[in-house]
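# Analysis of the macromolecular model
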Amino acid sequence: VGPGSYTVGTMSERFDCHYCRDPLQGKKYVQKEGRHCCVKCFDKFCANTCIECKKPIGADSKELHFKNRYWHDSCFRCFKCYTSLVNEPFMLRENNKVWCSNCTAAEDAPRCKGCFKPIIAGDQNVEYKKMVWHKDCFTCSQCKQVIGSGSFFPKGDDFYCVSCHEHKFAKTCAKCKNPITSGGLTYQEQPWHSECFICSNCKKQLGGKRFTAVEDQFYCVECYKECVAKKCAGCKNPITAGFGRGTSVVNYEDESWHDYCFKCTKCARGLANKRFVCHNGKIYCAECPKRL
């Protein structure tokens with residue numbers, strides 16, 4: 001940027017104005033391209049037009065020029081922030097507008113997806129899939145708290161902190177009703193925390209182990225045998241249907257037997273699914289009571 005290419009002074013010699021032919025001696029004049037003219041004619045015929053205000057830059061004004069473009073010094077301001085750019089770095093952008101370096105940097109900087117303001121060098125930011133936020137603008141879609149550089153879960157165009165994602169999307173344990181954030185297991189199409197799916201008696205976790213359910217209570221094999229299972233009237237051992245041998249049970253009045261223990265007291269013949277006789281509290285086949 002430099003001053004205009006003309007000289008202003010007071011004429012001491014006998015010269016006439018190149019345009020109006022009035023004498024210039026003792027008067028203020030302008031010399032441009034080898035011609036001498038009065039100030040009035042200069043403003044009318046020779047002055048450059050300010051690219052900003054579109055008015056002539058008169059002989060009494062300070063002129064700045066850059067690449068065949070001219071400004072009043074008072075018009076040479078940043079298009080964005082209006083700061084004077086005389087003796088300051090600038091950039092000529094579209095539509096012949098001049099910008100200061102700060103506004104240029106802000107205009108060319110990426111825009112925050114949260115506040116839509118520029119993210120300039122030095123700002124802390126978060127980037128995800130070609131999108132960028134100021135660190136303080138990257139917030140949870142649910143609780144609106146700042147996620148910043150913390151862990152988060154994307155869901156479509158929304159982002160959730162760990163806590164809100166757990167409560168909004170995680171499965172809920174059938175026992176404690178709290179979200180299951182990791183691991184867990186499923187029983188009868190219901191989710192459980194591993195630490196909630198336990199034996200009702202000894203409290204040991206049942207995940208991956210054999211168990212049985214009795215009236216919404218769960219028992220490991222040992223506790224079921226000890227605390228829940230009926231005792232066989234024959235061998236006096238627990239009747240644990242589904243655990244090993246003895247999946248069938250014979251019930252008669254208030255007593256139960258393993259199917260292989262339900263046999264004639266005299267001849268030891270198996271009586272499961274067969275006719276039998278009860279005599280003095282003992283079980284006999286249909287033939288043996290005749291021999292008593």
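As the structure is a computational prediction, the values presented were derived from the model and not from experiment.

Moving on, we get to the overall build of the protein chain. Looking only at helices and strands, one finds 4 helices and 19 strands in the protein chain. In terms of overall size, the protein chain is more extended than a compact globule, its C-alpha atoms giving a radius of gyration of 50 Å where 292 residues would be expected to give roughly 19 Å. Taking the principal axes of its C-alpha atoms as reference, the protein chain extends roughly 165 × 30 × 20 Å. Taken over 292 residues, the protein chain has a buried fraction of 31%. Sequence separation of 24 or more characterises 16% of the internal contacts of the protein chain that already satisfy a separation of 6 or more. Working note: accessible area of the protein chain is about 19400 Å², and carbon and sulfur atoms make up 46% of it. Charged side chains of the protein chain number 46 positive and 30 negative; the gap between the two group centres comes to 9 Å.

Below, the discussion takes up the pairing of strand E7 (residues 97-100). Alignment of strand E6 (residues 90-93) against E7, held across 4 bridges, turns out to be antiparallel. Among the inter-strand pairings, Leu92 is bridged to a residue of E7, identified as Val98. Linking E6 to E7, which pair antiparallel, is a turn of 3 residues; within it Asn95 sits at a positive phi near 60°.

Time to look at the side chain of His72. In this fold, His72 is placed in strand E5 (residues 69-72). Those residues in contact with His72, other than ones at most four positions away along the chain, are Cys50, Cys53, Lys55, Pro56, Ile57, Ser61 and Lys62.

Attention shifts here to the packing of aromatic side chains. Overall, the coordinates contain 23 aromatic pairs when judged by the stated rule. Summarising the aromatic geometry, the rings of Phe197 and Phe211 are spaced 5.2 Å apart at their centres and angled 90° between planes, so their arrangement reads as edge-to-face. Of the two residues, Phe197 sits in the loop between strand E13 (190-192) and strand E14 (211-214) while Phe211 sits in strand E14, which places them 14 residues apart along the sequence. Among the residues examined, Phe197 registers a relative accessible area of 2% and is labelled buried. Here the aromatic rings of Phe262 and Phe276 are separated by 5.1 Å at their centres, their planes lie at 85°, and the arrangement is edge-to-face. With Phe262 in the loop between strand E17 (255-258) and strand E18 (276-279) and Phe276 in strand E18, this residue pair connects regions lying 14 residues apart in the sequence. A relative accessible area of 2% means that Phe262 is categorised as buried. Ring pairing ties together the aromatic residues Tyr128, Trp133, Phe138, Phe152 and Phe159, which thus form one cluster.

Its domain assignment divides the protein chain into domain 1 (47-106), domain 2 (109-167) and domain 3 (170-227). Look at where the C-alpha atoms of domain 1 and domain 3 centre, and you get two points 77 Å apart.

Reading the values: the criteria
Residues numbered from 1 in each chain as written. Predicted model: local features only at pLDDT ≥ 70, side-chain atom pairs only at ≥ 80, totals over all residues. Heavy atoms only, no water. Helix = DSSP H or I, 4+ residues; strand = E, 2+ residues; numbered from the N terminus. Rg over C-alpha atoms; globule rule 2.2 N^0.38 Å. Buried < 20%, exposed > 50% of the residue type's maximum accessible area, 1.4 Å probe, protein only. Contact = heavy atoms within 4.5 Å. Areas by Shrake-Rupley, 256 points an atom, 1.4 Å probe, with all protein chains shown as cover. Lys, Arg positive; Asp, Glu negative; His and termini not counted. Charge placed at Lys NZ, Arg CZ, Asp CG, Glu CD. Pairing = 2+ DSSP bridges. Phe/Tyr/Trp six-rings, centres within 6.5 Å; stacked < 30°, edge-to-face > 60°. Domains from an automatic or database assignment.

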